[in-house]
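Geometric and topological summary
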Amino acid sequence: MATNDGDTPAAFTYIWAIENCRTFLAPESVESPVFEVESLESTEWHLAIEEKGEKFLSISIHREQDSGPDIIEIDFQLALLTSQGTCVKKENHRSRFLKGGHFELAESTDHIFKSETDQYLSNDTLTLRCQMWGLGLDTPRPNLCFAGSRLGLVKCTFFCNIRNFSFLTPGQEFKYHVVPISGENPALVVAFCVMGSYGNEIMLIKFSGDSSVRILRFNCEISVLDSDGRKCISVRKSNLLTSSATYLCFFQKNDIIVKNPSLLISDVLCLRCELEIGNGATWNEIEYYLHQPS
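Named according to an unreviewed UniProt entry, the chain is Speckle-type POZ protein originating from Trichonephila inaurata madagascariensis.

Okay, structure coming up:
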């Protein structure tokens, strides 16, 4: 009987490299290409990663609705690898999988993307390995499969000029369309508007997109500039989604007109907008099987 005791070669080893993963800005779960394990009764599987609550990265193994048995029990190991192929972290488990079943574990996003980035990421690529052993099956010829995914990630900076700022009234809106991603049109719309609230006029930033095309996830920093181009008032937010319109309070209009009139150049408000936009996997393929499934 094959087990994951460290001495028996795995029936199947799957290595998945996820590019453009310096920061995880995928709006939804990212799934690996589906792989078939002939030695485990021709069952089919995929891996997935997803951020949970901005604190943990979920790493999971999923069984497909394949033509194999209704239930299969396996030993498996999920591991995060360095560029040298050594394990930064690994966990061994035994589980019974129904068709469509899955098993999930979590790792701190701070470890992966902040405090221990050099260990977890090589060339902005996160590498996962899944090894599998069958229970009660003949020891098979070991097989190996490599797969890759590439996350869509765009960074852009643009400038906005709002003229006649002192005369803006509630209801007026200035829209800017960010350059589309992968042919989507529009990808992200940034709008500036004034809202009246208890006798004050507040400058708002509105983000929206066409969620029927694809939901985007993004980070932003919007800044008011002085005449030398220096940032004076800024708002910064992370992990926003275009699944619905998002509003951010920027500043009270009188804070500029009365308290900081030098920020208005001929009554023009100058803004610098910096965006980091993710739209999920843009490429997802099996690259190589040691022994191609028949």
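1. A closer look at the overall build of the chain
A count of helical and extended segments in the chain gives three helices and 19 strands. Relative to its length of 294 residues, the chain is extended, with a C-alpha radius of gyration of 25 Å against a globular reference of 19 Å. Seen along its three principal axes, the alpha-carbon backbone of the chain occupies a region of about 80 × 35 × 35 Å. Among the 294 residues that make up the chain, the fraction classed as buried is 47%.

2. A look at a nonpolar patch on the surface
A cluster of nonpolar residues, Phe146, Tyr288 and Leu290, forms a patch on the protein surface that exposes about 280 Å² of accessible area. Along the chain, Phe146 falls in strand S11 (residues 143-162). The partly exposed category is assigned to Phe146, whose relative accessible area is 32%.

3. Things to note about the packing of aromatic side chains
Following the criterion strictly, the structure yields 12 aromatic pairs and no others. Where Phe12 meets Phe35, the ring centres are 5.5 Å apart and the plane angle is 5°; that geometry is what we call stacked. Separated by 23 residues along the polypeptide, Phe12 in strand S1 (residues 12-19) and Phe35 in strand S3 (residues 35-37) bring together distant segments of the chain. The residues Phe12 and Phe35 share a single accessibility class, namely buried.

4. Considering the sheet that holds strand S14 (residues 200-208)
One open sheet holds the four strands; their spatial order is S12-S13-S14-S17, and the pairing between them is antiparallel. Looking at which strands have only one partner, the edges of the open sheet turn out to be strand S12 (173-177) and strand S17 (246-252). Averaged over neighbouring strand pairs, the angle between their axes works out to 25° when direction is ignored. Here six bridges tie S14 to S17, and the two strands are oriented antiparallel to one another. Counted as the bridge partner of Ile205 is Leu248 from S17.

5. Here's the deal with the pairing of strand S16 (residues 231-241)
Strand direction decides the pairing type here: strand S15 (residues 217-225) and S16, joined by eight bridges, are antiparallel. Paired with Val224 across the two strands is Ile233, which belongs to S16. Turn length for the S15-S16 hairpin, with the two strands adjacent in sequence and antiparallel, is five residues, and the turn residue Gly229 shows positive phi of about 85°.

6. What to know about the pattern of salt bridges
Going through the model one piece at a time under the given rule, you end up with 20 salt bridges. Residues Arg22 and Asp124 are paired through a salt bridge, measuring 3.7 Å at the closest nitrogen-oxygen approach. Taken as a pair, Arg22 in the loop between S1 and strand S2 (30-31) and Asp124 in the loop between strand S9 (121-122) and strand S10 (125-134) lie far apart in primary sequence, 102 residues in all. Residue classification places Arg22 among the partly exposed positions, given a relative accessible area of 43%.

Quick notes on the rules
Residues numbered from 1 in each chain as written. Predicted model: local features only at pLDDT ≥ 70, side-chain atom pairs only at ≥ 80, totals over all residues. Heavy atoms only, no water. Helix = DSSP H or I, 4+ residues; strand = E, 2+ residues; numbered from the N terminus. Rg over C-alpha atoms; globule rule 2.2 N^0.38 Å. Buried < 20%, exposed > 50% of the residue type's maximum accessible area, 1.4 Å probe, protein only. Patch = residues over 30% accessible without salt bridge, like charges linked within 9 Å, V, L, I, M, F, W, Y side chains within 5 Å. Areas by Shrake-Rupley, 256 points an atom, 1.4 Å probe, with all protein chains shown as cover. Salt bridge = Lys/Arg side-chain N within 4 Å of Asp/Glu carboxyl O. Phe/Tyr/Trp six-rings, centres within 6.5 Å; stacked < 30°, edge-to-face > 60°. Pairing = 2+ DSSP bridges. Axes fitted to C-alpha atoms, helices over the stretch in contact; angles between N-to-C directions.

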